[in-house]
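These are the residues of each chain, in order.
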Amino acid sequence: MKRISLEELLEACHTDSYEEQYHYIIDLLEQGHIKPVKAAGTNGKKPALYRFYWKREQKKDYRVLEEELKYQMHPMISVDYYLSHLENYERDRDYVLLLNRYLRGKQGQLVYPESVNERSFEVWYREKFLTREQGKKILGRCGLDMVYLNVYETAEPLSYYSHTRQTPQNLLILENKDTFYSMRRHLLEEGEKILGEDIGTLIYGAGKRVLRSFRDFEFCVEPYMRDPGNKIFYFGDLDYEGIGIYENLAELFQSGWEIVPFVPAYQRMLSKAPEPERLPDTSEGQNRNISDVFFSYFQKEQTSYMKEILYRGKYIPQEILNISDFQAEGEEGTA
């Protein structure tokens, strides 16, 4: 039973006279389609009608939909949820049938990885269906997840400078833009080495954004950058956040490459840093949950000094270094 107002009931005959409307309501009462909500009172007219009613809703016949689910769906689509919620299947049916048609006719396409938006349009003709609409919910009700669709998220493209495309080579990921530009200028003016290390490619990580960008590393970089013989270094701010970015990145890539801190740059930072009390304060809200993975690449004395800086709530920004610092000890350059 559904509660409904007198005005809603009379929508079907709103142009009739009140007498005709009255008889229309009486007929519905006599046929048992509605019952008055007496506590709601009457409309104040003569003859009076109650202001609200309980309307008996007809139970829908879902047998056709049930047969469709049982006998017409692709085997990969689980029908258990929809057989128990046929009213939801009626609402979702168009989208489920599009998925069913795709799996029956184009399942072979799933061997090729595609972006989420590309696959979304390929299946449902709506590029945002999986990301902004009910696509994930429909998949879940069909017993499928995004992994089955063989999709990848697209992030902002990595910004990088290729000094050489020879392989194997060293790639250096930089947290901040200023250091990226300074090191690029140094390579352009001075050759291949930064602090004594041959660097073939500089990558601008843009802080935490690098974590999302590197999840798509295999799809968004040139082939030479994926060479298994390459070495990948990381250099960022000496604070909890910068170390955390490194540790998350190293974990993300542990099955393919060992990403290591660019130790010479951190050592140069420490050598240039003033006393800890003169360093800037760490910004509030930084996640301090870091391990010792980062520190394991440094000597004991250096580790102790870095930890002291962190414990005091201080940090060393990457920008402590500039183009005049990128020569190795004993080298002479024009910068």
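Read on for an overview of the structure. (Residues numbered from 1 in each chain as written. Predicted model: local features only at pLDDT ≥ 70, side-chain atom pairs only at ≥ 80, totals over all residues. Heavy atoms only, no water.)

Before going further, it helps to examine the packing of aromatic side chains. One pass over the structure, following the stated rule, counts 15 aromatic pairs. When the ring of Tyr-81 is compared with that of Tyr-82, the centres are 5.3 Å apart and the planes differ by 75 degrees; the resulting orientation is edge-to-face. A residue is classified by how much of its surface remains accessible, and Tyr-81, at 25% relative accessible area, is partly exposed. Judged by its relative accessible area of 1%, Tyr-82 falls in the buried class. Here the aromatic rings of Tyr-246 and Phe-294 are separated by 5.9 Å at their centres, their planes lie at 65 degrees, and the arrangement is edge-to-face. With Tyr-246 in helix H11 (residues 240–252) and Phe-294 in the loop between helix H12 (263–272) and helix H13 (300–311), the pair connects residues that are 48 residues apart, well separated along the chain. For the residue pair Tyr-246 and Phe-294, the accessibility class agrees, reading buried in each case. Cluster of aromatic residues (ring-pair linked, three or more members): Tyr-234, Phe-235, Tyr-246, Tyr-266, Phe-294, Phe-295 and Phe-298. Looking at Arg-3, its charged tip hangs above the ring of Phe-52, at a distance of 4.5 Å from the centre. (Phe/Tyr/Trp six-rings, centres within 6.5 Å; stacked < 30°, edge-to-face > 60°. Buried < 20%, exposed > 50% of the residue type's maximum accessible area, 1.4 Å probe, protein only. Helix = DSSP H or I, 4+ residues; strand = E, 2+ residues; numbered from the N terminus. Lys NZ or Arg CZ within 6 Å of the ring centre and 35° of its normal.)

Okay, unusual backbone geometry next. Between Lys-46 and the following residue, Pro-47, the backbone shows a cis peptide bond with an omega angle of -15 degrees. The peptide bond linking Thr-167 to Pro-168 adopts the cis configuration, its omega dihedral lying at -5 degrees. As for its position among the elements, Pro-168 is in the loop between strand E6 (159–162) and strand E7 (170–174). Of note in this structure, Asn-150 is not a glycine but carries a positive phi near 55 degrees.

Here we come to the pattern of salt bridges. Evaluation of the coordinates by the stated rule reveals 15 salt bridges. One salt bridge in this structure joins Arg-93 and Glu-68, with 2.7 Å as the shortest N-O distance. Here Arg-93, found in helix H5 (residues 86–106), pairs with Glu-68, found in helix H3 (residues 63–72); they are 25 residues apart in sequence, far enough to count as distant. For Glu-68, a relative accessible area of 8% gives the class buried. In this structure, Glu-308 engages Arg-312 in a salt bridge whose closest nitrogen and oxygen atoms are separated by 3.2 Å. Judged by relative accessible area, Glu-308 falls into the partly exposed class, the value being 30%. Taking the relative accessible area as the measure of exposure, Arg-312 reaches 45% and is therefore partly exposed. (Salt bridge = Lys/Arg side-chain N within 4 Å of Asp/Glu carboxyl O.)

It is worth spelling out the pairing of E7 at this point. Summarising burial for E7: five of the five residues are buried, a large majority. Of the two faces of E7, the one holding Asn-170, Leu-172 and Leu-174 and the one holding Leu-171 and Ile-173 are both buried throughout. Sheet topology note: the E7/strand E11 (residues 231–235) ladder contains five bridges and is parallel. In the strand pairing of E11, Leu-171 is matched with Ile-232. Relative to strand E10 (residues 201–204), E7 is paired through four bridges, and the arrangement is parallel. From the neighbouring strand, Ile-173 faces E10, where its bridge partner is Ile-203. (Pairing = 2+ DSSP bridges.)

Regular strands place their side chains on alternate faces of the sheet. Of the two faces of E10, both are covered, the one formed by Thr-201 and Ile-203 as well as the one formed by Leu-202 and Tyr-204. Where E6 and E10 come together, four bridges link them in antiparallel fashion. Counterpart to Tyr-160 in the pairing with E10 is Ile-203.

With that out of the way, let us pick up the nonpolar core. By size, the foremost hydrophobic cluster in this structure holds 53 residues, and its most contacted members are Leu-202 and Phe-235. Contributions of two or more residues to this core are made by E7, helix H8 (177–190), E10, E11, H11, strand E12 (259–261), H12 and H13. Examining the composition of this core, we find that six residues originate from one element, H11, more than from any other. Excluding its chain neighbours within four sequence positions, the residues that come into contact with Leu-202 are Ser-159, Tyr-160, Tyr-161, Leu-172, Leu-174, Phe-180, Met-183, Arg-184, Leu-187 and Ile-194. In this structure, Ile-77, Tyr-89, Leu-99 and Tyr-102 belong to the second largest nonpolar core, which totals 26 residues. (Core = buried A, V, L, I, M, F, W, Y, C linked by side-chain atoms within 4.5 Å. Contact = heavy atoms within 4.5 Å.)

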